[in-house]
Amino acid sequence: MSLIDLLKKQGYHIIGTHGAIKPCLWLNRSIKASGSCYKASFYGISSHRCVQMTPCIACNQRCLHCWRPVEEPFSIESWDRPELIVEQSLAEQKRFVSGYGGTGATDRQAWKEALMPKHAAISLVGEPTLYPYLDELIAQYRDRDMSTFVVTNGTRPGVVARISPSQLYMSLDAPDHETYLKACNPVSDLWDRVNESLEVLRSRPGQRSALRLTLVKGLNMIDPEGYARLVKKAQPDYVEVKAYMHLGYSRYRLPREAMPSHAEVLAFARKVADAAGYRPAMDVELSRVALLSKDGSARPIG
Ligand code: SF4
């Protein structure tokens, strides 16, 4: 089965020829006024107004913790224009949200708001920095009065240096080279580029940034001081320390026991914070995630 067919089976809607959108479980809860994603607590993002999308389903890593079928190769012959991707992402989101209109469990106010998204999470699957028009894509959402989060694996430092989303996230899934090769299984050795991107983040003090550590027990949940050294190199505004969740295709690569508990995440996050000179700001037990910042506070996106 092709990557597109596998993603469709997992509930992704394909947009253009190499993008995708998937309304997340938190949109479903938020539209029924029964819960919100941790990004609502940390950054003030309304889950029911968030479009979770990617302009590029291809990736240059094959992380063991990834929920997607990353082993499937995907080649892109020509790139879709950003306006097409943005318009299709918003049309698909609207089509999905419209379906909630007639159900009794829906909060009418939240439903009306959800028809007018305010945020694009450019992070769903694949590596968005492989898309050559990423800066234009961000600008298109901005022109529609939407904030943007971009999550990159950091393997394209030139793009990390250039793009200006509302918050630039970079995944940091290893404290050292050897663990990187094991945990992220890149198509070629990209560790030097990941390190270069950390330096780039530091060189952009005006750009709001976050490092995200996804902790997998028995794999990369080691050496908090090693992570702290890399955090110090990048000096991001925030560090998210999050548990791996045993979901999707990652279940074929990792055992269930690889998921740390919330208490284990908090203890690890505290060690990273102490060694990097950061402070715990918030945590959300349901998502097993802790937020660190330099002064122990978090500022909403605005
Ligand atoms: S970088 Fe992201 S999309 Fe690519 S394999 Fe890793 S987790 Fe999946």
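Here, every reference points to the structure presented above.
Residues numbered from 1 in each chain as written. Predicted model: local features only at pLDDT ≥ 70, side-chain atom pairs only at ≥ 80, totals over all residues.

Draft legend 1. Structural view of the overall build of the chain. Scanning the chain for helices and strands turns up 11 helices and 10 strands. The C-alpha radius of gyration of the chain comes to 18 Å, within 12% of the 19 Å expected for a compact globule of 302 residues. Projected onto the principal axes, the alpha-carbon positions of the chain cover approximately 50 × 40 × 40 Å. A burial count over the chain gives 47% of its 302 residues as buried. Put simply, of all contacts in the chain between residues at least 6 apart along the chain, 72% involve residues at least 24 apart. (Helix = DSSP H or I, 4+ residues; strand = E, 2+ residues; numbered from the N terminus. Rg over C-alpha atoms; globule rule 2.2 N^0.38 Å. Buried ≥ 20, exposed ≤ 12 C-beta atoms within 10 Å, placed from the backbone. Contact = placed C-beta atoms within 7 Å.)

Draft legend 2. Structural view of the site of the ligand. The local shell around the ligand consists of C59, Q61, R62, C63, C66, R68, V70, V125, G126, E127 and N153. Of the residues in the shell around the ligand, the class split is 5 nonpolar, 3 polar and 3 charged. (Near = placed C-beta within 6 Å. Nonpolar A, V, L, I, M, F, W, Y, C, P; charged D, E, K, R; others polar.)

Draft legend 3. The arrangement of the pairing of strand β10 (residues 289–293) in detail. The buried fraction of β10 is high, at 5 of 5 residues. Relative to β10, strand β8 (residues 238–243) is paired through 5 bridges, and the arrangement is antiparallel. Residue K242 lies in a different strand from β10, and its bridge partner there is V289. As paired elements, strand β9 (residues 279–284) and β10 share 5 bridges and run antiparallel to each other. Looking at the pairing, R279 lines up with S293 of β10. Between β9 and β10, which pair antiparallel and follow one another directly, the connecting turn spans 4 residues, one of which, R288, has a positive phi of 50°. (Pairing = 2+ DSSP bridges.)

Draft legend 4. The environment of L168, seen in detail. Considering the arrangement of structural elements, one finds L168 in strand β6 (residues 167–171). Here the alpha-carbon distance between L168 and T152, two residues 16 residues apart in the chain, equals 7.9 Å. Apart from the residues lying within four places of it in its own chain, the contact partners of L168 are V150, I163, Q207, R208 and S209.

Draft legend 5. Fine view of the pairing of β6. With 5 of 5 residues buried, β6 is to be regarded as a mostly interior element. Neither face of β6 is left uncovered, since the one carrying Q167, Y169 and S171 and the one carrying L168 and M170 both have all their residues buried. Bridge count for strand β5 (residues 147–152) against β6 is 4 bridges, and the pairing is parallel. Bridge assignment links V150 to a residue of β6, and that residue is L168. Two strands pair when backbone bridges link them, and β6 and strand β7 (residues 209–215) are joined in this way by 4 bridges, in the parallel orientation. For M170, the partnering residue across the bridge sits in β7 and is L211.

Draft legend 6. Summary view of the sheet that holds β9. Taken together, the 10 strands give an open sheet; going across it, the order is β1-β2-β3-β4-β5-β6-β7-β8-β10-β9, and neighbouring strands pair in mixed fashion. Edge positions in the sheet fall to β1 (13–15) and β9, since each of these pairs with one other strand and no more. Along the sheet, successive strands turn relative to each other by an average axial angle of 25°, direction set aside. Strand direction decides the pairing type here: strand β3 (residues 50–54) and strand β4 (residues 119–122), joined by 4 bridges, are parallel. Note on β4: the bridge partner recorded for C50 is H119. (Axes fitted to C-alpha atoms, helices over the stretch in contact; angles between N-to-C directions.)

Draft legend 7. Structural view of helix α11 (residues 262–276). Here α11 is 15 residues long and its end C-alpha atoms lie 21 Å apart, about the 21 Å a rise of 1.5 Å per residue gives. Buried residues along α11 sit against β7, α10 (224–234), β8, β9 and β10. (Expected span 1.5 Å × (residues − 1).)

Draft legend 8. Examining the packing of helix α4 (residues 82–98) against helix α6 (residues 134–143) more closely. For the pair α4 and α6, interaxial distance at closest approach is 9 Å and the crossing angle is 45°. In terms of orientation, α4 lies oblique with respect to α6. Handedness of the crossing formed by α4 with α6: right-handed. Contacts from P82, E83, I85 and V86 in α4 reach E136, L137, Q140 and Y141 in α6. Partitioning the contact of α4 with α6 into residue classes produces 5 nonpolar, 1 polar and 2 charged. (Parallel < 35°, antiparallel > 145°, perpendicular 65-115°, else oblique. Left-handed = near helix turned anticlockwise from the far one by under 90°.)

Draft legend 9. Summary view of unusual backbone geometry. In this structure, D223 takes a positive phi of about 50° despite not being glycine. Mapped onto the elements, D223 comes out in the loop between β7 and α10.

Draft legend 10. How the structure looks around the packing of helix α9 (residues 191–202) against α10. Between α9 and α10, whose axes approach to 6 Å, the crossing angle comes to 45°. In terms of orientation, α9 lies oblique with respect to α10. Contacts between α9 and α10 pair L198, E199, L201 and R202 from the former with L230, K233 and A234 from the latter. Within the contact of α9 with α10, the residues separate by chemical class into 4 nonpolar, no polar and 3 charged.

Draft legend 11. Focus on the nonpolar core. Counting 89 residues, the largest nonpolar core has A20, L215, V231, V239, V241, V272 and L292 as its most contacted members. Dropping the residues within four chain positions of it, L215 is found in contact with N220, M221, V241, K242, A243, Y244, P260, V265 and F268. (Core = buried A, V, L, I, M, F, W, Y, C linked by C-beta atoms within 7 Å.)

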